[in-house]
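The primary structure of each chain is shown beneath.
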Amino acid sequence: VRTMLPPETRNPDPSGRVLPENTASDDRAAWMALHLVPGLGSRSIQKLIDRFGHPGPVFRAGLKELQAAAGLTEAVAGRIRRKAFSSDPRRELTRVEQLGGRVLTFRDPGYPRALRQIPGPPMVLYLRGLDLPASQDMVTLVGSRTPTPYGVKTARALASELAERGVGVVSGMARGIDAAAHWGALEQGGYTAAVLGTGVDRIYPWANRELFSRILEHGTVLSEFPLGTPPEGRNFPMRNRIVSGLSRGVVVVEAARKSGSLITASLALDQGREVLAVPGSVRSQRSAGCHFLLKQGAALVESADDILEVLGLAGTPGSPIERSEPADRGSTLNPQEKGVYDMLGDDPVHIDEIIIASGMAVQHVLGLLTRLELTGLIEQLPGKMFVRT
């Protein structure tokens, strides 16, 4: 930890150190300075702001006064007194601006109203891309990082339907369901917000770099973590309270019984948000978490209309997501192609099972599968597994 001070100003504190002036820029630097005190969390900062009214007086308070106001340890209160920041607040602001981003504080008019209402809201948010919409309704979609094709298709379709109805989509830009939700909203020309567990200057996972760029153009990338923060495991449960807090409700598309998505659902309940879940196969462990939520009273989701109804959101009714393929999709296939096609569904099927069930020669089955792939009706997954598209 290094001791960094904002540049010289005209209002020194009793210790002889200086505090930011009362300009818009210096006000933001004061919030940033408090945010960059190691060991000082959002709840403690909020208590300090409630007691002192602004970050400036916090830095002029005595050690015992700081400890009493927010229940701080002597070590953390001492860092505030010494202004021992993890990095220079003004330099941090400059770096954000150089990225084309900005910093939003809890007192700013543009701070999301929904987020103000949660326990321990972030006192500082780093933003890149578009501003967070002030009046648009938002829904969170989360789920497994290793989903089934069924989960990916469902998340993408739900996000697309929500975007078509003017509802924003929030997620965490992780692999799997998160990424599918963001893409679904973007493909429909809708708004999406990605809440990161890293600094907004870090793309994680790197595989989502194209998605990151698209969100910067058509949505918002945000985080409460300082620039350069790596993807440490402890960051993501903290991040999840923002993922749920920005929205009217959380939809879990596909999740194991023990997963980060169920943590997000639990946070949503604590925040007074609705929790909804998409059912899956009873044989799939990736849907076990969704089924658990449904048993606990979560609303069942088959389409965006279900979400809109539960959350009381206005929207144009649409067609529900199809749980099976339309009957005429394979109508142009010959009998052998149709036979193989009918063996496949949303759950991956290994080629050996197809060969045994068909009773045909291996090379003949391979030829049929190749033709079905070329027509776009099926997809081959790693491990010689096949699913319908």
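The text that follows walks through the structure, step by step, so that each part is easy to find. In this text, all values refer to a predicted model and were calculated from it rather than measured experimentally.

1. Points about the packing of aromatic side chains
Part 1: On inspection of all chains with the given rule, the structure shows 3 aromatic pairs.
Part 2: Plain terms: the ring middles of Phe59 and Phe85 are 5.8 Å apart, the flat faces sit at 85 degrees to each other, and that makes the pair edge-to-face. Placement of the pair is Phe59 in helix H3 (residues 55-60) and Phe85 in the loop between helix H5 (74-82) and helix H6 (89-98), with a sequence separation of 26 residues. Accessibility classification places Phe59 together with Phe85 in one group, the buried group.
Part 3: The side chain of Arg51 reaches across the aromatic face of Phe52, ending 4.7 Å from its centre.

2. A closer look at the packing of helix H4 (residues 63-70) against H5
Part 1: At a minimum axis separation of 9 Å, H4 and H5 run at an interaxial angle of 125 degrees. Judged on the interaxial angle alone, H5 and H4 are oblique. The crossing of H4 and H5 is right-handed. Residue-level inspection shows Leu63, Leu66 and Gln67 of H4 in contact with H5, the latter providing Glu74, Ala77, Gly78, Ile80 and Arg81.
Part 2: Looking at the contact of H4 with H5, its residues break down into 4 nonpolar, 2 polar and 2 charged.

3. Section: the sheet that holds strand E3 (residues 138-142)
Sheet strands associate in pairs through backbone hydrogen bonding, adopting either a parallel or an antiparallel arrangement.
Part 1: An order of E1-E2-E6-E5-E4-E3-E7-E8-E9 is seen for the 9 strands of this open sheet, with the pairing classed as mixed. One side of each edge strand has no neighbouring strand; the edge strands of this open sheet are strand E1 (102-105) and strand E9 (299-300).
Part 2: One ladder, built from 4 bridges, connects strand E2 (residues 124-129) with strand E6 (residues 220-223); its direction is antiparallel. Counterpart to Arg128 in the pairing with E6 is Val221.
Part 3: Each of E3, strand E7 (249-252) and strand E8 (274-277) touches helix H12 (residues 260-270); the most contacted strand, E7, lies at about 155 degrees to it.

What counts as what
Residues numbered from 1 in each chain as written. Predicted model: local features only at pLDDT ≥ 70, side-chain atom pairs only at ≥ 80, totals over all residues. Heavy atoms only, no water. Phe/Tyr/Trp six-rings, centres within 6.5 Å; stacked < 30°, edge-to-face > 60°. Helix = DSSP H or I, 4+ residues; strand = E, 2+ residues; numbered from the N terminus. Buried < 20%, exposed > 50% of the residue type's maximum accessible area, 1.4 Å probe, protein only. Lys NZ or Arg CZ within 6 Å of the ring centre and 35° of its normal. Axes fitted to C-alpha atoms, helices over the stretch in contact; angles between N-to-C directions. Parallel < 35°, antiparallel > 145°, perpendicular 65-115°, else oblique. Left-handed = near helix turned anticlockwise from the far one by under 90°. Contact = heavy atoms within 4.5 Å. Nonpolar A, V, L, I, M, F, W, Y, C, P; charged D, E, K, R; others polar. Pairing = 2+ DSSP bridges.

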